[in-house]
Amino acid sequence: MSADVERSAHLPVLPRETMAALTVRADGNYIDATFGRGGHAALILAALSEQGRLLVIDRDPVAIETAMQRFGDDSRVLVEHGVFSDVALTAAQHGMDGHVHGILFDFGVSSPQLDDPERGFSFRTDGPLDMRMDPTRGDSAADYLATVAERDLARALATLGEERHARRIARAIAAERERVPLTRTGQLAELIRNTVPSRPNERIDPATRSFQAIRIVVNRELAEIDAALAAAVPLLAAGGRMAAISFHSLEDRRVKRFIRNASEVAEPYRGLPDIPPAYRPTLRPIGKLIRAAESEVDENPRARSARLRVAERMAA
């Protein structure tokens, strides 16, 4: 998120709008591919009958522990630890492929992840420089910063963080790691603040954009989103809905582009009378971009940057 808001309590964003988008049927099959702490999952479950099923997925082991604690005894709930780009494989394991009535994606980092200094996402509180959504797998942010080429780091900060001082920050990080390893979030945040020129009345911490970019790289977030959206469509039954919540423009642009492309006749058959099934539209956009009302933003500041897009699976 370009302006992540840290909170001690986690509230699901756009709860009413998300439920309206999914049009939950009591006996339907649903997937919450980004469980988090279960706010949206609880709303879906409240609308399901005993015949309904909900598959919840998360790459964060702590989220999976929460899911088991909250819903482990509910026979309607299936809990799986994994990345949401594997949603098709996970759904197939439970016989849900092609029979799903709704899929929810809530992209980005969750409030509980931000609030725990030990996870290393926050530039406001000191902790290990980790940033992995699944801390049991892959390289940490400290590992990344220790090895990435200065040029590649500058490119990541500019493109993924939209940081206009990307080269200056990358140069400072490269110089600092020659002197001492970068292992703490407070250490990195202070380095960035001392590198970026301060501006009067600046509302956003100078470290915000760089932390966003590094987190996206560490977790391969944009590649995960692209893979997940493509994998989700074949899972949906005709009339099934896909709802995607984004928190910054990099995410939202991908969702918008994917829905647009999936709702058009594929090249080179546009404008032709006979279109093979493989080139016909697979999704129909539902409504326009949905943003949080001011009343929700007042209660949950994180919702300010939330953007919801919805699409429906077309009949073959």
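Here the structure is a predicted model, which is why all the values come from computation and not from measurement.

Undergrad: Which residues make up the overall build of the protein chain, and what are the values?
TA: Per the secondary structure count, the protein chain includes 13 helices and 8 strands. With the principal axes as the frame, the protein chain shows a C-alpha extent of 60 × 50 × 40 Å. Burial status across the protein chain gives 52% buried among its 316 residues. Counting contacts in the protein chain only where the partners sit at least 6 residues apart, residues at least 24 apart contribute 70% of the total. Carbon and sulfur atoms provide 49% of the accessible area of the protein chain, an area that totals close to 14,600 Å². For the protein chain, the separation between the mean place of its 43 positive charges and that of its 45 negative charges on side chains is 6 Å.

Undergrad: For unusual backbone geometry, give the residues involved together with the corresponding values.
TA: Glycine aside, negative phi is the norm for most residues, and most peptide bonds take the trans geometry. Of note, the bond from Glu267 into Pro268 is cis; its omega dihedral lies within 30 degrees of zero at 5°. Assignment of secondary structure puts Pro268 in the loop between helix H12 (249-262) and strand E6 (283-285). Unlike most non-glycine residues, Met131 shows phi in positive territory, near 75°. Here Met131 shows up in the loop between helix H5 (111-115) and helix H6 (141-147). One non-glycine residue, Arg220, adopts positive backbone phi at about 50°. Topologically, Arg220 is positioned in the loop between helix H10 (208-219) and helix H11 (221-232).

Undergrad: Describe the packing of helix H9 (residues 185-195) against H10, and please don't skip the residues or the numbers.
TA: With their axes 9 Å apart at the nearest point, H9 and H10 run at an angle of 130° to one another. Viewed along their axes, H9 and H10 adopt a mutual orientation that is oblique. As H9 packs across H10, the resulting crossing turns out to be right-handed. Residues Thr185, Leu188, Ala189 and Ile192 of H9 touch H10, and the partners they reach there are Ser210, Phe211 and Ile214. Taken together, the residues of the contact of H9 with H10 sort by class into 5 nonpolar, 2 polar and no charged.

Undergrad: How would you sum up the environment of Pro206? Please name residues and give values.
TA: One can find Pro206 in the loop between H9 and H10. We classify Pro206 as partly exposed; its relative accessible area is 27%. Along the backbone, Pro206 and Asn194 are 12 residues apart, and their C-alpha atoms lie at a distance of 9.1 Å. Once residues within four sequence positions are removed from consideration, Pro206 is found in contact with Glu163, Ile192, Arg193 and Val196.

Undergrad: Lay out the pattern of salt bridges in plain terms, naming residues and giving numbers.
TA: One pass over the structure, following the stated rule, counts 19 salt bridges. Residue Arg179 is joined to Glu176 by a salt bridge in which the shortest nitrogen-to-oxygen separation is 2.7 Å. You can see Arg179 and its partner Glu176 sitting in helix H8 (residues 166-179), 3 residues apart, about one turn around the helix. Taking the relative accessible area as the measure of exposure, Arg179 reaches 63% and is therefore exposed.

Undergrad: Report on the packing of helix H7 (residues 150-160) against H8, specifying residues and quantitative values.
TA: At a closest axis distance of 8 Å, the pairing of H7 and H8 adopts a crossing angle of 140°. Here H8 runs oblique to H7, going by the angle between their axes. Considering only the axes of H7 and H8, their crossing is right-handed. Residues Glu150, Leu153, Ala154, Leu157 and Ala158 of H7 form the contact with H8, whose participating residues are Ala166, Arg167, Ile169, Ala170, Arg171, Ile173, Ala174 and Arg177. Split by residue class, the contact of H7 with H8 holds 9 nonpolar, no polar and 4 charged.

Undergrad: So what about the packing of aromatic side chains? Which residues, and what values?
TA: What the rule picks out here adds up to 6 aromatic pairs. Residues Phe84 and Phe105 carry aromatic rings whose centres are separated by 5.9 Å and whose planes lie at 70° to one another, so their mutual orientation is edge-to-face. In this pair, Phe84 is assigned in the loop between strand E3 (77-81) and helix H4 (87-93) and Phe105 in strand E4 (residues 100-106), connecting sequence segments 21 residues apart. On the basis of relative accessible area, Phe105 is assigned to the buried category, the value being 0%. For the pair Phe105 and Phe107, a centre-to-centre distance of 5.5 Å together with 15° between the ring planes defines the contact as stacked.

Undergrad: Tell me about the nonpolar core, residues and numbers included.
TA: Within the largest apolar cluster, 64 residues are counted, with the highest numbers of intra-cluster contacts made by Ile31, Phe105 and Ile214. With 6 residues, the top contributor of residues to this core is H11. Setting aside chain neighbours within four positions, we find Ile31 in contact with Leu54, Leu55, Ile57, Val87, Ala91, Met96, Val100, Gly102, Ile103, Leu104 and Leu235.

About the criteria used
- Residues numbered from 1 in each chain as written.
- Predicted model: local features only at pLDDT ≥ 70, side-chain atom pairs only at ≥ 80, totals over all residues.
- Heavy atoms only, no water.
- Helix = DSSP H or I, 4+ residues; strand = E, 2+ residues; numbered from the N terminus.
- Buried < 20%, exposed > 50% of the residue type's maximum accessible area, 1.4 Å probe, protein only.
- Contact = heavy atoms within 4.5 Å.
- Areas by Shrake-Rupley, 256 points an atom, 1.4 Å probe, with all protein chains shown as cover.
- Lys, Arg positive; Asp, Glu negative; His and termini not counted.
- Charge placed at Lys NZ, Arg CZ, Asp CG, Glu CD.
- Axes fitted to C-alpha atoms, helices over the stretch in contact; angles between N-to-C directions.
- Parallel < 35°, antiparallel > 145°, perpendicular 65-115°, else oblique.
- Left-handed = near helix turned anticlockwise from the far one by under 90°.
- Nonpolar A, V, L, I, M, F, W, Y, C, P; charged D, E, K, R; others polar.
- Salt bridge = Lys/Arg side-chain N within 4 Å of Asp/Glu carboxyl O.
- Phe/Tyr/Trp six-rings, centres within 6.5 Å; stacked < 30°, edge-to-face > 60°.
- Core = buried A, V, L, I, M, F, W, Y, C linked by side-chain atoms within 4.5 Å.

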